[in-house]
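Observations on chain architecture
Residues per chain are reported as follows:
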Amino acid sequence: MKKSISYWSFVGKSAVEAMRLAKDAGFEGIELTLDAAGDLNPNTTEAHLAELKAAAAEIGIALPSVASSLYWSYSFTSDDPEERQKAHDTAVTQMRFAKALGADTVLVVPGSVSVEFVPERPVVPYDVAYDRALEDMKKLAPIAEELKINIGIENVWNKMFLSPLELRDFIDKIGSDYVGSYFDVGNVVFSGYPEHWIRILGKRIKKVHFKDYRRNPGGLNCFVDILSGDVNWPEVRKAFDDIGYDGWAAGEMIPPYTYAADQIIYNTSKSMSRIMEGKL
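The notes below deal with the structure included here.

Analysis parameters
Throughout this document, residue positions are counted from 1 along each chain, in the order its sequence is written. For a predicted model such as this one, the threshold for reporting local features is a pLDDT of at least 70, and the threshold for listing and counting side-chain atom pairs is 80 or more; totals across whole chains, interfaces and linings nevertheless cover every residue. Side-chain numbers come from the whole structure's heavy atoms, not from hydrogens or water. With a 1 Å grid laid over protein atoms only, a set of points is called a cavity when a 1.4 Å probe fits there but cannot get out and a pocket when it is open yet has protein on both sides within 12 Å along at least five of seven lines; lining residues have an atom within 4 Å of a point. Grid points are joined across faces, edges and corners, and a volume is the space filled by probe spheres set on the points. We call Asp, Glu, Lys and Arg charged. Ala, Val, Leu, Ile, Met, Phe, Trp, Tyr, Cys and Pro are nonpolar, and the rest, Gly among them, are polar. Burial classes follow relative accessibility: with a 1.4 Å probe on protein chains only, a residue under 20% of its type's maximum area counts as buried, one over 50% as exposed, and anything between as partly exposed. The helix and strand labels rest on DSSP assignments: H or I over at least four residues marks a helix, E over at least two residues marks a strand, and numbering proceeds from the N terminus. Strand pairing requires that DSSP identify at least two bridges connecting the strands. Convention adopted: a line fitted to C-alpha atoms gives each axis, helices being fitted over their contacting stretch, and angles between N-to-C directions are expressed from 0 to 180 degrees. When checking whether two residues touch, look at their non-hydrogen atoms; a contact exists if any pair is within 4.5 Å. Orientation is classified from the angle alone, with under 35 degrees giving roughly parallel, over 145 giving roughly antiparallel, 65 to 115 giving roughly perpendicular, and any other angle giving oblique. Each helix crossing is assigned a hand: it is left-handed if the near helix lies turned anticlockwise from the far helix by less than a right angle, otherwise right-handed if that turn is clockwise. Here a polar contact is recorded for every N or O atom pair within 3.5 Å, except that within protein the pair must consist of a potential hydrogen donor and a potential acceptor, and residues adjacent in sequence are included only if both atoms are side-chain atoms. When two rings of Phe, Tyr or Trp (its six-membered ring) have centres within 6.5 Å they constitute a pair, described as stacked for plane angles under 30 degrees, edge-to-face for angles over 60, and tilted for the intermediate range. Comment: the charge-over-ring label is applied if NZ (Lys) or CZ (Arg) is within 6 Å of the ring centre and within 35 degrees of the ring normal. Among buried residues, the Ala, Val, Leu, Ile, Met, Phe, Trp, Tyr and Cys ones that are joined through side-chain atoms within 4.5 Å form a nonpolar core.

Another point: the layout of surface pockets. The rolling of a water-molecule-sized probe over the atoms marks out the regions of remaining empty space. Considered as a void within the structure, the largest pocket measures approximately 560 Å³ in volume. Residues belonging to the lining of the largest pocket are distributed by class as follows: 14 nonpolar, three polar and three charged. By volume, the second largest pocket amounts to about 190 Å³. As for the second largest pocket, its lining consists of 14 residues, of which Val156, Trp157, Asn158, Leu162 and Phe190 are closest to the centre. Grouping the amino acids of the lining of the second largest pocket by side-chain chemistry returns eight nonpolar, four polar and two charged.

As structure tokens, this is what we get:
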């Protein structure tokens, strides 16, 4: 597997500064993110994308994937058709940016029934949310195929796709080789076992997030440093071997807003290397 890290793991860094720090910490790649502001935002120019790509090449770090925080503002499952269109447009922009940067995958949050950490979002009936998400993923699939950019649907805390069987069947209904899973190891620990998800999703997995989670007492504060939680990392590593996955895994950490915030980048790199090298 190849070791990457999410831009969200950094505090107060530009994209280029984060690239340099990630490279120094031993990462082979960095996952940039499309946000409301910053280096990648909906108004980022082609010229700036070219500058970021050139900077990455100069630093010697890959740009394998692009995530986005905008899906918590624009949901594919919203009752508002205009908001659903904004989510669609965000995905298209994200794919075009990924293409310009040389990435091959975008992380897409397919909507939500409800979101624990965005409590102001209205609750959408599960069946309605499912149908709306499926409808738009089918619309996005031909664009992904044209651009040759994978859409990775993330298993995230959105009260949807609560089992690997459901996510597997959802992906299969879309029916495109360019639409699969962006599998987050830590996000399923509160309700299940990531090694089960990995084996069931199998070749549908396009990219991976590494993070850890402690089941007791639960909640968002239970996301902890990798190797500090309840993920059975030897079994997770074996599951990836069993399905033949040797692609990118991006560490996605919640950074501490302290004077030593950069240390988590180095810690995460060492922990991920230990997992990938089977030294557990």
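More follows now that the structure is in view.
Alternating positions in strand β10 (residues 248-251) separate into two faces, Trp248 and Ala250 on one and Ala249 and Gly251 on the other, with burial throughout. Sheet topology note: the strand β1 (residues 2-6)/β10 ladder contains four bridges and is parallel. Across the sheet, Ile5 pairs through a bridge with Gly251, a residue of β10. As judged from the three bridges shared by strand β7 (residues 205-210) and β10, these two strands associate in the parallel manner. Opposite Phe210, over in β10, you have Gly251 as the bridge partner.

Here we come to the sheet that holds strand β2 (residues 29-34). Pairing is parallel around the closed barrel formed by eight strands, whose spatial order is β1-β2-β3-β4-β5-β6-β7-β10. In this sheet, neighbouring strand axes are inclined to one another by 30° on average, regardless of whether the strands run parallel or antiparallel. Bridge count between β1 and β2: three bridges; the pairing is parallel. Along β2, the bridge assignment pairs Ser4 with Gly29. Docked against the sheet, helix α3 (residues 81-101) engages β2, β3 (65-68), β4 (105-108) and β5 (150-154), running at close to 150° with respect to β3.

This part is about unusual backbone geometry. Positive phi, close to 60°, is recorded for Lys148, a residue that is not glycine. Within the element layout of this structure, Lys148 appears in the loop between α4 (126-147) and β5. The class for Lys148 is exposed, based on a relative accessible area of 53%. Despite not being glycine, Lys159 has its phi angle at roughly 60°, a positive value. The topology assignment puts Lys159 in the loop between β5 and α5 (164-174).

Quick look at the packing of α3 against α4 now. Contact pair α3 / α4: the axes reach a minimum separation of 11 Å and the direction vectors enclose 25°. The angle between the axes of α3 and α4 places the two elements in the roughly parallel class. The interaxial crossing formed by α3 with α4 has right-handed handedness. For the pair formed by α3 and α4, the contact residues are Arg84, His88, Ala91, Val92, Met95, Arg96 and Lys99 on the first element and Arg132, Asp136, Lys139, Leu140, Ile143, Ala144 and Leu147 on the second. Of the residues that constitute the contact of α3 with α4, the class distribution is seven nonpolar, one polar and six charged.

This brings us to the environment of Lys203. Within the fold, Lys203 resides in the loop between α6 (194-201) and β7. Once the C-alpha coordinates of Lys203 and Pro234 are considered, the two residues, 31 residues apart in sequence, prove to be 20 Å apart. Looking at Lys203, its side chain comes within polar contact range of the main-chain oxygen of Ile243, at 3.0 Å.

Below, the discussion takes up the environment of Phe170. Within the secondary structure layout, Phe170 lies in helix α5. Taking the C-alpha atoms as reference, Phe170 lies 7.3 Å from Leu134; in sequence the two are 36 residues apart. Setting aside residues up to four positions removed in sequence, Phe170 forms contacts with Tyr130, Ala133, Leu134, Met137, Ile153 and Phe161.

What follows covers the packing of aromatic side chains. The final tally for this structure, using the stated rule, is 14 aromatic pairs. Members of the aromatic cluster, joined through ring pairs, are Trp157, Phe190, Tyr213 and Phe223. Residue placement shows Lys211 over the ring face of Phe223; its charged tip is 5.2 Å from the ring centre.

Grouped together as the largest cluster of nonpolar side chains are 91 residues, with contacts concentrated most on Met19, Phe210 and Phe240. Other than its neighbours up to four places away in sequence, Met19 contacts Ile30, Leu32, Leu52, Ala55, Ala56, Ile59, Ile61 and Leu63.

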